[in-house]
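# Summary of structural features
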Amino acid sequence: MIKDTLWTLLAVVVFPGGLFAMALGLALKGVERRAIARLQRRVGPPLVQPFYDLVKLMRKRTLIPDTANRFVFLTVPLIGLAAMGVAAAMIPIPGFYQPSPLLGDLIVLFYLVSVPAVALMLAGSASGSPYGAIGFSREMAIVLAYEGPILLSLVAVALHAGAAMGQPIALNLSDIVNYQQQHGAFLFDPWLLPAFLTYLSFIPANLGIAPFDIPEAEAEVLEGPLVEYSGPPLGLLKLTSAIKSVVVIGLGVALFFPNGPDGIAGLVVFALKCVVMVLAGALLKAAVGRMRIDQAVLFYLKWPELLGVAGLVLVAARL
Amino acid sequence: MKSFNMPVGPLHVSLEEPMYFRIDVEGEKVAGLEITAGHVHRGIEYLTAKRNIYQNLALIERVCSLCSNSHPEAYCMALETIAGIEVPERAQYLRVFADEIKRVASHMFNVAILAHVVGFESLFMHVMEAREIMQDTKETVFGNRMDLAANIIGGVKYDIDAAQSAYIISQLDRLEPLLLNEIIPVYETNATIQSRTRGIGRITREHCIEYGLMGPVARGAGHGYDVRTAAPYAVYDRMDVEVITYPDGDVWSRAMVRLKEVAASIRLLRQCLRDLPDGATDAGPLPFIPAGEAVTKVEAPRGELVYYVNTDGTDIPARVKWRVPSYMNWDVLHLMMVGEGISDIPLIVNSIDPCISCTER
């Protein structure tokens, strides 16, 4: 029992949560920045720039505005980071790492993925800045818009995998991954195509990629909830978003395309899949501008929601 | 719904210059705003009464960077009117040339910032890169990227020879297809640009007349007033000036007016080079500038720029006063912004292309 607990802690703090997810997330950010720069015919920063930025922020002073609620203002970044550390430990790396069942199942993961968004809302409202308040309301609007479709997508996959394995519903990610490794990826299953597309559409909104980077829009609300943050807390918030990109992409990989070799090669293939997704995100970011919040919410309530429902109906019809 | 007060500026990433708005926000909508000016007041009008006529030329060139040719041009025209100086024809053409090359760079800068404000960074980079062709041309011809220092009393300070003329035409040949085949179609058809800028910040032609709006802001609402055709100066009466108007009066129309004016300005630049007559580029030794006063106006990139110069027979002008188009244009922000979303605030401010350093000088 104690050994299990220690291994789980290690998974949360060092690998694949914690340090590993931070490193991978920051590296992915570096790749993204470089790719966007190249798409815009700029040279772009070095790949390790996000690490430099983090180190710089960690060595700076923290300024807390007079209007801010000190306690919430300082704890919120920690909550977001902790949630993401645990979530990253729950993402299986196919052929290399299987999360301990102690950590929880798909439902826990679903809630953990929403924590950074909630943390950002709290951060925005705790900072006492009107820009933070606007960021708060925008973040809330967009979270409400994309939570529905993503839940539909997750349930569709869980139901499908469960039916295939003879359970009512499969909520253990490791089982879903193992099933796909033996019977082929869900990505190539036409019945799950709507669920996959729904998941794809959720990624840019959750990771704040254009055209859905509305809550943190720099040119409109000065990065919204982040406007009053400086120094280490800002660094933690940036780190949280870096890990979040690993978690969200990793979850997608686990749900739809976990196939790959065993051992260390599995880890490399996992990282490559993440890079491919990040490059696709960079392409999207470079190709479009930002939507207005009402347009984005309407978009999510229309298309991904519709796709999500269609995906669920398709899967349920075959049960 | 709870309303609160949001400050925009004086330093804000999407405002190019310091401008301060206190905006009453209800939810995501603007309920009212208060404009506070004066952050870049440098007392330039006062300084003009402390310097002599030639020092003022250098000073006035530095009122603002994007319209840095229109100010000295209007100032020189006023002094030429007072002293009755005849500006040679070649110099008149070269003045038009400098005017139009600045208009191209100014308008392209503004539409690029529009792309930046809607978060379309690739388009921003693309337009700025196309604009860079014009910046290179300015640097080659005038030796400067922004302040051209082209105008002097009685003419211009620069000349274009055959080699330079060929170089400028080759640069225009590079810019024109980029503009006509890529940039204008993108602004006309791109879904992001369309959905973010159409129907936003609307004004009507009646508002233009009521508020005395100028330049692309007025022309974007169907009010076709352009000093170059209404009261031609230099050799604009011999040029094929197109007055471009769009009927809708929204952010998109103003951007389109600017883009189409860039294309028109490129044609004017070509016409200038083609028709450029031989002769002197300045009026030679200048006469004594007597006591007198004159009012002149030119079409700056942002609209009508009016100069009043009063001399008392000394070499220090008694009074130099100017009225810039942004002075009228920014008052209409009250009208444009109320009822729009807060995400459209920077877009609307950018769409009137306010020149704060001209207005507050």
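Keep in mind it's a predicted model, so treat the numbers as computed, not measured.

What counts and how
Residues numbered from 1 in each chain as written. Chains lettered and ligands numbered in written order. Predicted model: local features only at pLDDT ≥ 70, side-chain atom pairs only at ≥ 80, totals over all residues. Heavy atoms only, no water. Helix = DSSP H or I, 4+ residues; strand = E, 2+ residues; numbered from the N terminus. Rg over C-alpha atoms; globule rule 2.2 N^0.38 Å. Buried < 20%, exposed > 50% of the residue type's maximum accessible area, 1.4 Å probe, protein only. Contact = heavy atoms within 4.5 Å. Areas by Shrake-Rupley, 256 points an atom, 1.4 Å probe, with all protein chains shown as cover. Lys, Arg positive; Asp, Glu negative; His and termini not counted. Charge placed at Lys NZ, Arg CZ, Asp CG, Glu CD. Buried area = accessible area lost by both parts, 1.4 Å probe. Salt bridge = Lys/Arg side-chain N within 4 Å of Asp/Glu carboxyl O. Polar contact = N/O pair within 3.5 Å; in protein donor to acceptor, adjacent residues only side chain to side chain. Nonpolar A, V, L, I, M, F, W, Y, C, P; charged D, E, K, R; others polar. UniProt positions renumbered as here; feature names shortened; annotations may be inferred. Pairing = 2+ DSSP bridges. Axes fitted to C-alpha atoms, helices over the stretch in contact; angles between N-to-C directions.

What follows is about the overall build of chain B. From N to C terminus, chain B includes 15 helices and eight strands. Its C-alpha radius of gyration of 20 Å places chain B within 12% of the 21 Å reference for a compact globule of 361 residues. Along the first, second and third principal axes, the C-alpha atoms of chain B reach 70 × 45 × 35 Å. Here chain B holds 361 residues, and 61% of them are scored as buried. Of all intrachain contacts in chain B linking residues separated by at least 6 positions in sequence, the fraction that spans at least 24 positions is 71%. Total accessible area on chain B is roughly 12800 Å²; 53% of this is exposed by carbon and sulfur atoms. Computed over 35 positive and 48 negative side-chain charges, the inter-centroid distance for chain B is 2 Å.

This part covers the overall build of chain A. Within chain A, the secondary structure is distributed over twelve helices and zero strands. The N-to-C order of helical and strand elements in chain A reads α-α-α-α-α-α-α-α-α-α-α-α. Taking 2.2 N^0.38 as the reference for a compact globule, 319 residues should give roughly 20 Å; the C-alpha atoms of chain A span a radius of gyration of 19 Å, in line with that estimate. With the principal axes as the frame, chain A shows a C-alpha extent of 60 × 45 × 40 Å. Taking all 319 residues of chain A together, the buried fraction comes to 52%. Relative to all contacts within chain A whose residues are 6 or more apart in sequence, the contacts with residues 24 or more apart total 78%. A total accessible area of about 13600 Å² is found for chain A, and carbon and sulfur atoms account for 71% of it.

Okay, the interface of chain B and chain A next. Across the contact, 28 residues belong to chain B and 21 residues belong to chain A. Between chain B and chain A, a total of about 2100 Å² is buried, with carbon and sulfur atoms accounting for 52% of that surface. The tally of links from chain B across to chain A stands at one salt bridge. With a closest N to O distance of 3.1 Å, Glu129 of chain B and Arg41 of chain A form a salt bridge. If you look at where chain B meets chain A, you find five residue pairs in polar contact (both at pLDDT 80 or more). A class-by-class count of the residues in the side of chain B that touches chain A yields twelve nonpolar, eleven polar and five charged.

This brings us to the UniProt feature "domain: NADH-quinone oxidoreductase subunit D" (unreviewed entry) in chain B. Residues and elements named next belong to chain B. As annotated by UniProt and renumbered to match this structure, "domain: NADH-quinone oxidoreductase subunit D" (unreviewed entry) occupies residues 118–281 and 289–361. Across residues 118–281, helical content stands at 60% and strand content at 2%; the span's end C-alpha atoms are separated by 44 Å. Annotation note: span residues 289–361, helix share 30%, strand share 32%, distance between end C-alpha atoms 26 Å.

What follows deals with the pairing of strand β6 (residues 292–300) of chain B. Taken together, the nine bridges between β6 of chain B and strand β7 (residues 303–311) of chain B define a ladder with antiparallel strand orientation. Bridge pairing in β7 of chain B places Lys297 of chain B opposite Val306 of chain B.

Here the focus is the sheet that holds strand β8 (residues 319–323) of chain B. Residue and element names in this part refer to chain B. Sheet architecture is open: three strands sit in the order β6-β7-β8, paired in antiparallel fashion. Looking along the sheet, the strands with just one partner apiece sit at the ends: β6 and β8. Taking each pair of neighbouring strands and ignoring which way they run, the sheet shows an average axis angle of 15°. Relative to β8, β7 runs antiparallel, the two being bridged by five bridges. Residue pairing across strands places Asn310 opposite Arg319, the latter belonging to β8. The strands that helix α3 (residues 70–83) touches are β6, β7 and β8; relative to β6, the one it contacts most, it runs at about 150°.

Looking now at helix α7 (residues 173–183) of chain A. In an α-helix, one turn spans 3.6 residues; hence positions three or four apart end up facing the same way. Residues and elements named next belong to chain A. Along α7, the residues that are buried comprise Leu173, Ser174, Ile176, Val177, Tyr179 and Gln180. Buried residues along α7 sit against α5 (106–126), α6 (130–165) and α10 (231–256). Sitting at the head of α7, Asn172 places a side-chain oxygen 3.0 Å from the backbone nitrogen of Ser174. After α7 finishes, the residue Gly184 shows a positive phi value of roughly 95°.

A separate point is the UniProt feature "binding site: Ni(2+)" (unreviewed entry) in chain B. Residues and elements named next belong to chain B. Under the feature "binding site: Ni(2+)" (unreviewed entry), the UniProt entry names Cys64, Cys67 and Cys355. Sequence-wise these annotated residues cover 292 residues; spatially they are packed, their C-alpha atoms never more than 8.5 Å apart. Mapped onto the elements of the fold, Cys67 is located in the loop between α2 (53–61) and α3. Since its relative accessible area comes to 3%, Cys67 is described here as buried. Considering the arrangement of structural elements, one finds Cys355 in the loop between α14 (345–351) and α15 (356–360). Those residues within four positions of Cys355 in sequence are excluded, and the remaining contacts are Glu17, Cys64, Cys67, Arg302 and Ser326.

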